[in-house]
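What follows is each chain in one-letter form.
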Amino acid sequence: MTNTRTDFQPSIIDPITREIIGAALASAAEEMAVGLHRTARSTIVRDALDFSTSLCNGSGEQIAQGTTIPLHLGAVPYALETMFAKYGDDICPGDVFILNDPFQGGMHIPDIFVVKPIFDGDQRVAFAVATAHHLDLGGRVPGSSACDNTEIFQDGLRIPWLKLYDKGKLRQPILDIIRANVRVPDMTIGDLRAQLAACHTGEQAIFRIIERYGTETFINCARDLIDYTEALMRAEIAEWPDGESTFVDYMDSDGCNGPPVRIQCKISVEGDGLTADFEGTDPQVPGAINSTISYTASAVALCTRAVMKMDIPNTAGMFRPLKVIVPHGSVLDPKMPGASSMRGVTGFRKVDVIMGALAGIVPERVLAACEGGNSLVIIGGARKGSHQPYVYYELVSGTWGARPDRDANDGLCNPGNVAGNIPIEEAECNYPIRIERYGLRKDTGGAGRYRGGMAVDREWTLLEGDAQLTIRSDRRDHLPYGLAGGKPGSGSMNILRRSDGEVELPVMVSTPMAAGETIYHQQPGGGGFGDPLTRAPNAVAVDVRADRVSVQAARDEYGVLLDEDGQVDIKGTEALRNERSG
């Protein structure tokens, strides 16, 4: 097996022009993202930032992506491939396409792709793509996401590839069908329009580049950017040692309170190519945590790029040196009608598994396991008096694992995502909830020479009526791993506080919630890196004074004794560490 390529052709674009146009394309994708963010209606897009924007060349190969969701990297090429398979040459100026079906190139029901082909006269030169996670698309529960859905039909409204606009004319019945099937139609349709505006922004940016440089130069440069990305990827992979490394990790549940789910990845590096083989991963599961193959390819590209030293453009060229092998019918490539609305947790676990395998190839570049990904908390019901449905959708983020040369980031979104928490003021003004707590928990980051990130916790009280509570979390039983002797981070926790006492909920659950009840969620902490007994005692003392680590944990985990003033007891610490190390 080898992914080595020897047929590179000399570039016909000079490097300066390539850099200028490449930067203009990257800026255009960012401009699309900013526009979508500013015009979106829902909190999941506007505040949690669960969306992405891309530009592709006329063949559907990605040439730029906004700084949005990294795990969307591989989704667009897969999606456009299925669009071409359906429409062939029936792609015209003024067309706009829409899709969310995971079995036709989508990712999961809540993610809608909006794709606009861009023409210079009669010549198709590019595509603008905006993907957004919608607050609700119907289905069994508010938010169209529940880990215990057992088939795709429960997840919500499936949209195959359709023309939303046909040669510039809106096909209103498509919007009518969507509006009739969702709980919050104004937000759903509003976010769709924001996606359309983002695509228009991308189109105008392409026209400006063509106006300045000409169509032929733009087309050649777009192709050259992809080749250039491939060359950069291959050059760096070629510096890595050849070899294989296998890593296994687990999700706590199959989504239906069933057994843990095994994910296995073998990374093989040979020459300038890399293969990620997921053979040994469990078959698809009953719950809605099954994940599409495009999401798996995205995870491989994200992790490979994350451990590289050089800056790599966001183009399709990054996939060319990569070979991804996924067993069909597995939890990473399910068969119809497998549910997938909560596949996000599986994506985060794939990142942990791939990074764990890469640690066996380039250990000096890989961080310990992060918190397991954004936790998802959905509270959906109807407002008192008006009976208007609402869907409160919160992505709780997050914390990192320790790095080979420094402590983890606390309270920062998982590297596999770019998402934010809903601001407390926004949540309390627009939904019948009150935020009781939001903070970081000490003694939750894995101990190590470099400390793992602290766990984030958050607590909500429902103020009126009855609601449906849905939680997607993980890493309660299978803790975020440490590396190089570092200890794992702490586990997650879900506590429902009722008038008659507390109930510990599973990591993945859908359950009724009544007014006055409070749900408390604590995320896992990040894993540590390196032997805790080698951590600088003064760094431990600083953590104690900053309330990141308790005095007891300083002694038990790090072998550091502190005096009454919080300063290091040097002799006592030296004696204790010598005793611990034998």
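Scoring rules and cut-offs
Residues numbered from 1 in each chain as written. Predicted model: local features only at pLDDT ≥ 70, side-chain atom pairs only at ≥ 80, totals over all residues. Heavy atoms only, no water. Helix = DSSP H or I, 4+ residues; strand = E, 2+ residues; numbered from the N terminus. Rg over C-alpha atoms; globule rule 2.2 N^0.38 Å. Buried < 20%, exposed > 50% of the residue type's maximum accessible area, 1.4 Å probe, protein only. Contact = heavy atoms within 4.5 Å. Areas by Shrake-Rupley, 256 points an atom, 1.4 Å probe, with all protein chains shown as cover. Lys, Arg positive; Asp, Glu negative; His and termini not counted. Charge placed at Lys NZ, Arg CZ, Asp CG, Glu CD. Core = buried A, V, L, I, M, F, W, Y, C linked by side-chain atoms within 4.5 Å. Pairing = 2+ DSSP bridges. Axes fitted to C-alpha atoms, helices over the stretch in contact; angles between N-to-C directions. Phe/Tyr/Trp six-rings, centres within 6.5 Å; stacked < 30°, edge-to-face > 60°. Lys NZ or Arg CZ within 6 Å of the ring centre and 35° of its normal.

Participant: When you look at the overall build of the chain in this model, what are you seeing that I'm missing?
Facilitator: Tallying secondary structure elements over the chain gives 13 helices and 20 strands in all. Its C-alpha atoms give the chain a radius of gyration of 24 Å, near enough to 25 Å, the size a compact globule of 582 residues would have. Expressed as lengths along the three principal axes of its C-alpha atoms, the size of the chain is roughly 80 × 65 × 40 Å. When burial is assessed residue by residue, the chain has 60% of its 582 residues classed as buried. In the chain, the proportion of contacts linking residues at least 24 apart, taken out of those at least 6 apart, comes to 72%. Here the chain displays about 21,600 Å² of accessible surface, and carbon together with sulfur accounts for 50% of that area. Between the centroid of the 56 positive side chains of the chain and the centroid of its 77 negative side chains there is a distance of 2 Å.

Participant: Looking at this model, I keep getting lost on the nonpolar core. Mind explaining?
Facilitator: Leu25, Ile178, Trp240, Ile267, Leu358 and Ile379 are the most contacted members of the largest nonpolar core, which totals 160 residues. Of all the elements, helix 6 (residues 185-213) adds the most residues to this core, at 10 residues. Apart from the residues lying within four places of it in its own chain, the contact partners of leucine 358 are Trp240, Ile267, Leu274, Cys303, Thr304, Val307, Pro363 and Val366. Grouped together as the second largest cluster of nonpolar side chains are 11 residues, Val540, Ala554, Tyr558 and Val560 included.

Participant: Is there a simple way to think about the sheet that holds strand 17 (residues 493-498) in this case?
Facilitator: An order of 14-15-20-17-18 is seen for the five strands of this open sheet, with the pairing classed as antiparallel. The sheet is open, and its two borders are formed by strand 14 (433-441) and strand 18 (501-504), each paired with just one other strand. Between one strand axis and the next, the sheet turns by 15° as a mean value, whatever way the strands run. Here strand 14 runs beside strand 15 (residues 455-462); their pairing, made up of eight bridges, is antiparallel. Each residue of the ladder has a partner; that of arginine 434, found in strand 15, is threonine 461.

Participant: Before we go on, may I ask you to explain the side chain of threonine 131 in this structure?
Facilitator: Position of threonine 131 among the secondary structure elements: in strand 5 (residues 123-133). A relative accessible area of 1% places threonine 131 in the buried class.

Participant: Got a minute to help me understand the packing of aromatic side chains in this structure?
Facilitator: Describing an aromatic ring pair means giving the distance of the ring centres and the angle of the ring planes. Summed over all chains, the structure comprises six aromatic pairs. Put simply, the rings of Tyr87, Phe97 and Trp161 pair up and form one aromatic cluster. Directly above the ring of tyrosine 228 sits arginine 18, whose terminal nitrogen or CZ lies 3.8 Å from the centroid. The ring centre of tyrosine 295 lies 4.0 Å from the NZ or CZ of arginine 343, which sits over that ring.

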